[in-house]
Amino acid sequence: MWACTVRNCGLPLTLDERRAHCPSGHAFDRARQGYINLLQPQDRRSLQPGDSPEIVAARARHVARGLTDPILDAIVSLNLPGPIVDVGAGEGALVRRLGASGFDLSPAAMATAARTAPSLTFVVANADRRWPLLDGSVGSITAVNARVDGVEARRVLRPDGRVVLAVAGTDDLDGLRTAALGAAPDRPRLDGWVERLRPHFELQATKHVAVRVTLDEAAARDVLIATWRGRHGPLSRASEAGAIETTLSWDLAVFAAAQPRG
Ligand SMILES: [Zn+2]
């Protein structure tokens with residue numbers, strides 16, 4: 001399923017306990033934490049690409065509180081065809097629930113994910129570039145709050161493959177945004193993401209998943225770190241508010257490959 005990322009190679013990778021290697025002799029060692037870094041220097045924008053360790057740790061605590069369970073449960077219940085690859089896999093919560101594989105630009109995220117699920121495959125790769133996956137080798141692509149390139153998704157999926165997107169709903173974090181920003185303007189987002197996948201995919205179903213929760217100060221702080229990337233104004237304003245009642249919501253969309261007409 002995985003493909004060599006050395007320029008002009010693209011041959012199948014064989015993964016073992018120590019490394020991944022292709023028939024041309026290109027090899028990628030496993031990091032001490034268990035993930036494999038397939039990022040090539042030209043696909044790296046900065047020395048610390050992707051989410052920082054601080055953001056990854058905040059998201060891991062958020063997941064550990066069960067606050068992402070509603071969307072994870074909704075995706076698991078779709079019974080997607082495998083193998084499944086989660087794009088922008090973060091600290092690996094969905095990959096663990098699905099028994100899938102995942103990739104993410106952040107080495108800190110993939111280190112955390114690999115430590116918590118040593119038997120699953122986590123790869124560092126840039127979702128905005130060519131994906132390190134073979135043509136037609138994947139049953140389903142999932143992406144929670146992560147960009148999916150329609151051309152790449154169509155290339156790596158089998159003809160019967162599925163794409164599942166989950167993005168923050170318009171009412172997501174309404175209470176928290178009011179506390180942190182003084183207002184909770186609607187955030188219509190799913191439509192734009194759906195457009196990105198045309199004309200490669202047909203929208204099959206959508207679902208709004210929402211829960212109402214009370215976040216204590218630590219839980220609210222972790223959401224803010226993960227959402228506002230540690231910008232201090234919103235953080236300090238929300239901290240003053242103490243416990244915050246808020247909605248957590250997601251819009252889920254399921255796509256199938258568009259069949260050629262005629
Ligand atoms: Zn190679």
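Keep in mind the model is a prediction, meaning the values are calculated, not measured. (Residues numbered from 1 in each chain as written. Predicted model: local features only at pLDDT ≥ 70, side-chain atom pairs only at ≥ 80, totals over all residues. Heavy atoms only, no water.)

For the pair helix α1 (residues 53-64) and helix α8 (residues 217-228), interaxial distance at closest approach is 8 Å and the crossing angle is 135 degrees. Here α8 runs oblique to α1, going by the angle between their axes. Crossing hand, α1 versus α8: left-handed. Packed against α1, whose contacting residues are Glu54, Ile55, Ala58, Arg61 and His62, the element α8 presents Asp222, Val223, Ile225 and Ala226 at the interface. Looking at the contact of α1 with α8, its residues break down into five nonpolar, one polar and three charged. (Axes fitted to C-alpha atoms, helices over the stretch in contact; angles between N-to-C directions. Helix = DSSP H or I, 4+ residues; strand = E, 2+ residues; numbered from the N terminus. Parallel < 35°, antiparallel > 145°, perpendicular 65-115°, else oblique. Left-handed = near helix turned anticlockwise from the far one by under 90°. Contact = heavy atoms within 4.5 Å. Nonpolar A, V, L, I, M, F, W, Y, C, P; charged D, E, K, R; others polar.)

This paragraph deals with helix α2 (residues 69-76). Within the sequence span of α2, burial applies to Ile71, Leu72, Ala74 and Ile75. Summarising the axial view, the buried residues of α2 lie within an arc of 160 degrees, below the 170-degree limit, and thus occupy one face. Those residues of α2 that are buried are in contact with α3 (93-98), β8 (138-144), β9 (157-168), β10 (201-215) and β11 (244-257). (Buried < 20%, exposed > 50% of the residue type's maximum accessible area, 1.4 Å probe, protein only. Arc of directions from axis to C-beta.)

We now examine the coordination of the zinc ion. All of the protein donors around the zinc ion are Cys4 (SG), Cys9 (SG), Cys22 (SG) and His26 (ND1); their distances to the metal are 2.1 to 2.3 Å. Seen from the zinc ion, its four donor atoms lie at angles of 103 to 118 degrees, and the figure they make is tetrahedral. All donor residues of the zinc ion come from one chain, and their arrangement in sequence is C-x4-C-x12-C-x3-H. Taken as a pair, Cys9 in the segment before β1 (14-15) and Cys22 in the loop between β2 (19-21) and β3 (27-29) lie far apart in primary sequence, 13 residues in all. Judged by relative accessible area, Cys22 falls into the buried class, the value being 4%. (Donors = N, O, S within 2.8 Å, 3.2 Å for Na, K, Ca; no water. Tetrahedral: all angles 85-135°; square planar, octahedral: opposite > 155°, others 65-115°.)

Moving on, we get to the sheet that holds β2. The three strands lie next to each other as β1-β2-β3, forming an open sheet whose pairing is antiparallel. In the strand order of this sheet, the two ends are held by β1 and β3, each with one partner. As defined by bridge partners, β2 adjoins β3 across three bridges and the pair is classed as antiparallel. Bridge pairing in β3 links His21 to Ala27. (Pairing = 2+ DSSP bridges.)

Here we take up the packing of helix α6 (residues 174-181) against α8. Orientation of α6 relative to α8, taken along the N-to-C sense of each, is 80 degrees, at an axis distance of 11 Å. As judged from the angle between their axes, α6 and α8 are roughly perpendicular. Two secondary-structure elements touch here, α6 through Leu176, Arg177, Ala180 and Leu181 and α8 through Ala220, Val223, Leu224 and Trp228.

A few words on the packing of aromatic side chains. Scanning the entire structure with this criterion turns up one aromatic pair. With a centroid separation of 5.8 Å and an interplanar angle of 65 degrees, the aromatic rings of Phe103 and Trp131 are classed as edge-to-face. On the criterion of sequence distance, the pair formed by Phe103 in strand β6 (residues 101-104) and Trp131 in the loop between β7 (122-124) and β8 is long-range, its members being 28 residues apart. (Phe/Tyr/Trp six-rings, centres within 6.5 Å; stacked < 30°, edge-to-face > 60°.)

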